Amino acid sequence: MNCHRCNQKAAIRMPHHRLQLCKEHYLAWFIEHTDHTIRHYQMFDRSAHILVAVSGGKDSLSLWDVLWRLGYQADGMYINLGIQSEDDYSNRSQQFATDFARQRGLKLQVVDVAHDYGKAIPEVALSSHRGRGKPCAVCGLTKRHIMNRAANDGHYDVLVTAHNLDDEVAVLFGNALAWDADLLGRQAPVLEARPGFARKAKPFCRFYERETVAYALLQQIPYIEEECPYSVGSKQLSYKTLLNNLEEEQPGIKLNYYVNFLKACDSGLIRRHVPEEEDEASNRCPSCGQLTTAPGLCAFCKLFTQA
Ligand code: Q46
Ligand code: ZN
Ligand code: ZN
């Protein structure tokens, strides 16, 4: 198996692109392809002040690395969720993020949920009705709130996350299975800014997970390999397994599914929506100042002030 560009030994084969590349050409292709996605979906330009949500995993560190190599002005933001495991998941992933930033001289802002807001995510989940004791619903809301606040307070033009194609397709598949028109209409590579809510973009939305892993490994970026212990048994994970089986039989099916979904949105077949918490948000949370739909504390502040 040889590289299609230089005929050296190929490091990766991408049947969906009918392309196989050596290490050197793969790294160059990956960086160029990210820039192409950024321009194609008009995510941001070179003058933008970017905040990258960094988890210490392969996707977010690869994304930050690519933006840095492309010369974008990108700072990082890490949220320590206080999730412990045999391997001390949150603290170890923070270490990967801080080491990455230090080695490249990049600015990383760290929020420690337990220290800054009084309770770690597993504790908050126990005292909340959201998600029936499983922390993911509480965790998602917390991350969205803190990221949005950091993007607004820091006057960033855009908040970027490293969701890859496998993530996007698993979410899309789940929403399509349920025919949830609202959620389908909210999924996009770019969400425009609205009063109180930062612009959001996903520059890795067209990369398969194995492509982001390959980038991190070939670029020799150390990252946390352990998954969050709460991801085990999630619906998302079973959709990913199912879709991976399909992909093996029909290379490119995931990419086509996603790209054709975006075309259906562009043609008006699927109606675009803004996230629920942003609908008619005209009240301000008295505690944090976040725009909310109903008077009183926002959902985030309610979570952290509950007994
Ligand atoms: S939501 Fe759930 Fe993730 Fe939070 S608790 Fe872990 S698995 S980190 S993307
Ligand atoms: Zn080559
Ligand atoms: Zn609030």
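The structure reproduced in this document is the subject of the present report. What you see is a predicted model, and the numbers here were worked out from it, not measured in a lab.

1. What about the site of ligand 1?
Near ligand 1 the following residues occur: Leu 81, Ile 83, Cys 136, Cys 139, Lys 143, Cys 228, Tyr 230 and Ser 231. Residues of the shell around ligand 1, tallied by class, amount to six nonpolar, one polar and one charged.

2. A closer look at the coordination of the zinc ion (ligand 3)
Each donor-metal-donor angle in an ideal tetrahedron of four donors is 109.5 degrees, and each such angle in an ideal octahedron of six donors is either 90 or 180 degrees. Listed as protein donors to the zinc ion (ligand 3) are Cys 285 (SG), Cys 288 (SG), Cys 298 (SG) and Cys 301 (SG); their distances from the metal cover 2.3 Å. Classification of the site at the zinc ion (ligand 3) rests on its four donor atoms, whose angles at the metal span 107 to 114°, yielding the label tetrahedral. When the donor residues of the zinc ion (ligand 3) are listed from N- to C-terminus, their spacing reads C-x2-C-x9-C-x2-C. Note that Cys 288 is positioned in the loop between strand E9 (283-284) and strand E10 (291-292) and Cys 301 in helix H12 (residues 299-305), a separation of 13 residues in sequence. Classification of Cys 301 by relative accessible area gives buried; the value is 7%.

3. A look at the side chain of Glu 247
Tracing the chain through its elements places Glu 247 in helix H10 (residues 235-249). Excluding anything up to four places from it in sequence, Glu 247 contacts His 16, Tyr 208, Gly 252, Ile 253 and Lys 254.

4. Here's the deal with the sheet that holds strand E6 (residues 158-160)
Strand order in the open sheet formed by six strands is E5-E4-E3-E6-E8-E7, with mixed pairing between adjacent strands. Looking along the sheet, the strands with just one partner apiece sit at the ends: strand E5 (108-112) and strand E7 (190-191). Where strand E3 (residues 49-54) meets strand E4 (residues 73-80), six bridges bridge the pair, whose relative direction is parallel. Each bridged residue has a counterpart across the sheet, and for Val 52 the counterpart in E4 is Gly 76. Packed on one face of the sheet, helix H6 (residues 136-153) meets E3, E4, E5 and E6 and runs near 145° to E4.

5. Quick notes on the coordination of the zinc ion (ligand 2)
Surrounding the zinc ion (ligand 2) are the protein donor atoms Cys 3 (SG), Cys 6 (SG), Cys 22 (SG) and His 25 (ND1), which sit 2.1 to 2.4 Å from the metal. The coordination sphere of the zinc ion (ligand 2) comprises four donor atoms, whose angles at the metal cover 99 to 114°; the geometry is tetrahedral. Mapping the donors of the zinc ion (ligand 2) onto the primary sequence yields the spacing C-x2-C-x15-C-x2-H. Residue classification places Cys 3 among the buried positions, given a relative accessible area of 3%. The exposure class assigned to Cys 6 is partly exposed, which follows from its relative accessible area of 28%.

6. Points about the pattern of salt bridges
Going through the model one piece at a time under the given rule, you end up with 15 salt bridges. The shortest N-O distance in the salt bridge between Asp 35 and Arg 46 comes to 2.8 Å. Taken together, the residues span a long stretch of sequence, with Asp 35 in helix H1 (residues 23-40) and Arg 46 in the loop between H1 and E3 at a distance of 11 residues. Look at Arg 46 and you get partly exposed, because its relative accessible area is 40%. By sharing partners, the salt bridges in this structure join Lys 58, Asp 59, Asp 167, Glu 209 and Lys 240 into a single network.

Reading the values: rules and limits
Residues numbered from 1 in each chain as written. Chains lettered and ligands numbered in written order. Predicted model: local features only at pLDDT ≥ 70, side-chain atom pairs only at ≥ 80, totals over all residues. Heavy atoms only, no water. Near = heavy atom within 4 Å. Nonpolar A, V, L, I, M, F, W, Y, C, P; charged D, E, K, R; others polar. Donors = N, O, S within 2.8 Å, 3.2 Å for Na, K, Ca; no water. Tetrahedral: all angles 85-135°; square planar, octahedral: opposite > 155°, others 65-115°. Helix = DSSP H or I, 4+ residues; strand = E, 2+ residues; numbered from the N terminus. Buried < 20%, exposed > 50% of the residue type's maximum accessible area, 1.4 Å probe, protein only. Contact = heavy atoms within 4.5 Å. Pairing = 2+ DSSP bridges. Axes fitted to C-alpha atoms, helices over the stretch in contact; angles between N-to-C directions. Salt bridge = Lys/Arg side-chain N within 4 Å of Asp/Glu carboxyl O.

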